[in-house]
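In case you want the letters, here they are:
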Amino acid sequence: MAFFITIEGIEGCGKSTQIGHLARHLADRGEQTLTTREPGGCPIADEIRTILLHPGNAAMAPRAELLLYAAARAQHVDEVVRPALSQGTTVLCDRFTDATLAYQGYGRGLDIDLINRLNLIAADGLTPDLTLLLEMPVEEGLFRARRRNTDSAEVDEGRFEAESLAFHRKVRDGYLQLAAREERFKIIDARGDIDAVAEKIRRTVDDFLRSAPGNV
Ligand code: TMP
C-alpha cells in the first residue's frame, strides 16, 4: 500500500535532514519510497522554484507568488507524485498544499478559501495521508536557516528567510491552526537533538502505518 506523507514547518525546522532519516527508515522496513519536495521535484517546477526563492525577486506580487506555487505543484503532481503513488511507491514530500495555506494565506494574508480552491486544482484533489508538522520557536528556526544560507550554496534561495519575524510568526501560527483542524497532522517537537527528533518521527510514522487502512 502506497502512502502520501508530507513534512511541513517553518524555516530551519530541520525538514530536509529529517526527511532523509525517514526515507532510510522506510527503506529498512522494505517500503518502496520516493523523496521529493515543493516547490520543485521535477525540472519545470525546479525552474519555478528558482524564480520564487531568489532574493532579487523581492518585488513579486503576493498573487503572482501564489500562482507560481500552484503552477509548480500542478506539474509536480502530474509528473512525479501521482505516477509514483499509482506504481505503489510511498511518496515523502518536503512541503505541499499546507505550505501555501501557511505562507500565502496566514503569512501574506491572501484569502484562505481562495487558496483552498486553488490547492484543489493544483494538487488535482490529492491530499496527504499523513502530515508531520515539525514544530519549533520561530527565533530558533530562523537562526538555523540563516546560518545554513550563509554557509552554503543555498544563498540564492533566501527570499523567505529575509521576511520579518512577524511574518514567520504568522506562518507558524497558521500551521498550528491547520494542525488543530485536521486529523492527518501529527505535531513533532523538533527542538534539540537530531537523532531524538528522528526517533519521534519514526515512531509516529510506524504507528500510522500500523493503523492505516489497507495495512491492518
Ligand atoms: P524550503 O526552504 O522548505 O525548500 O521551502 C521553500 C520556501 O518556499 C519556504 O520559504 C516556504 C516557501 N513556500 C511557500 O511560501 N509556499 C508554498 O506553497 C511552498 C511549497 C513553499
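Notes on the structure follow. This is a predicted model, so every value here is computed, not measured. (Residues numbered from 1 in each chain as written. Predicted model: local features only at pLDDT ≥ 70, side-chain atom pairs only at ≥ 80, totals over all residues. Heavy atoms only, no water.)

### Some remarks on the site of the ligand
Taken together, 14 residues sit near the ligand, with Glu 11, Lys 15, Tyr 69, Arg 95 and Thr 100 positioned nearest. Side-chain polar atom of Lys 15 to an oxygen atom of the ligand: 2.6 Å apart, as the coordinates give it. Within the contact set of the ligand, an oxygen atom lies 2.7 Å away from a side-chain nitrogen or oxygen of Arg 95. Burial of the ligand by the protein chains amounts to 93% of its free accessible area of 470 Å². Of all elements in the fold, only helix 2 (43-53), helix 3 (62-86) and helix 4 (97-107) reach the threshold of two or more residues within the shell around the ligand. Considered class by class, the residues forming the shell around the ligand number six nonpolar, two polar and six charged. (Near = heavy atom within 4 Å. Polar contact = N/O pair within 3.5 Å; in protein donor to acceptor, adjacent residues only side chain to side chain. Areas by Shrake-Rupley, 256 points an atom, 1.4 Å probe, with all protein chains shown as cover. Helix = DSSP H or I, 4+ residues; strand = E, 2+ residues; numbered from the N terminus. Nonpolar A, V, L, I, M, F, W, Y, C, P; charged D, E, K, R; others polar.)

### Points about the pattern of salt bridges
This model, assessed by the stated rule, comprises 17 salt bridges. With its nearest N and O atoms 2.9 Å apart, the salt bridge here joins Arg 159 to Glu 65. Of this pair, Arg 159 sits in the loop between helix 6 (138-151) and helix 7 (165-181) while Glu 65 sits in helix 3, and the two are 94 residues apart along the sequence. Residue Arg 159 shares its accessibility class with Glu 65, and that shared class is buried. Linked by salt bridges that have partners in common, Glu 65, Arg 108, Arg 159 and Glu 163 make up one network. (Salt bridge = Lys/Arg side-chain N within 4 Å of Asp/Glu carboxyl O. Buried < 20%, exposed > 50% of the residue type's maximum accessible area, 1.4 Å probe, protein only.)

### Some remarks on the nonpolar core
Membership of the largest hydrophobic core comes to 52 residues, with the highest contact counts inside it found for Leu 22, Tyr 103, Leu 132, Leu 134, Tyr 175, Ile 201 and Val 205. Counting residues in each nonpolar core, the second largest holds ten residues, with Val 77, Val 81, Cys 93 and Leu 126 among its members. (Core = buried A, V, L, I, M, F, W, Y, C linked by side-chain atoms within 4.5 Å.)

### Considerations on the packing of helix 1 (residues 15-28) against helix 8 (residues 194-211)
How two helices sit against one another is set out by the angle between their axes and by the gap between those axes. Two elements in contact, helix 1 and helix 8, have axes separated by 10 Å at closest approach and are oriented at 50°. By the angle between their directions, the pair helix 1 and helix 8 is classed as oblique. When you trace helix 1 past helix 8, the crossing you get is right-handed. Contacts between helix 1 and helix 8 involve Thr 17, Gln 18, His 21, Leu 22, His 25 and Leu 26 from the first element and Ile 194, Val 197, Ala 198, Ile 201, Arg 202, Val 205, Asp 206 and Leu 209 from the second. Among the residues making up the contact of helix 1 with helix 8, the classes are represented as eight nonpolar, four polar and two charged. (Axes fitted to C-alpha atoms, helices over the stretch in contact; angles between N-to-C directions. Parallel < 35°, antiparallel > 145°, perpendicular 65-115°, else oblique. Left-handed = near helix turned anticlockwise from the far one by under 90°. Contact = heavy atoms within 4.5 Å.)

By themselves these figures say nothing about function.
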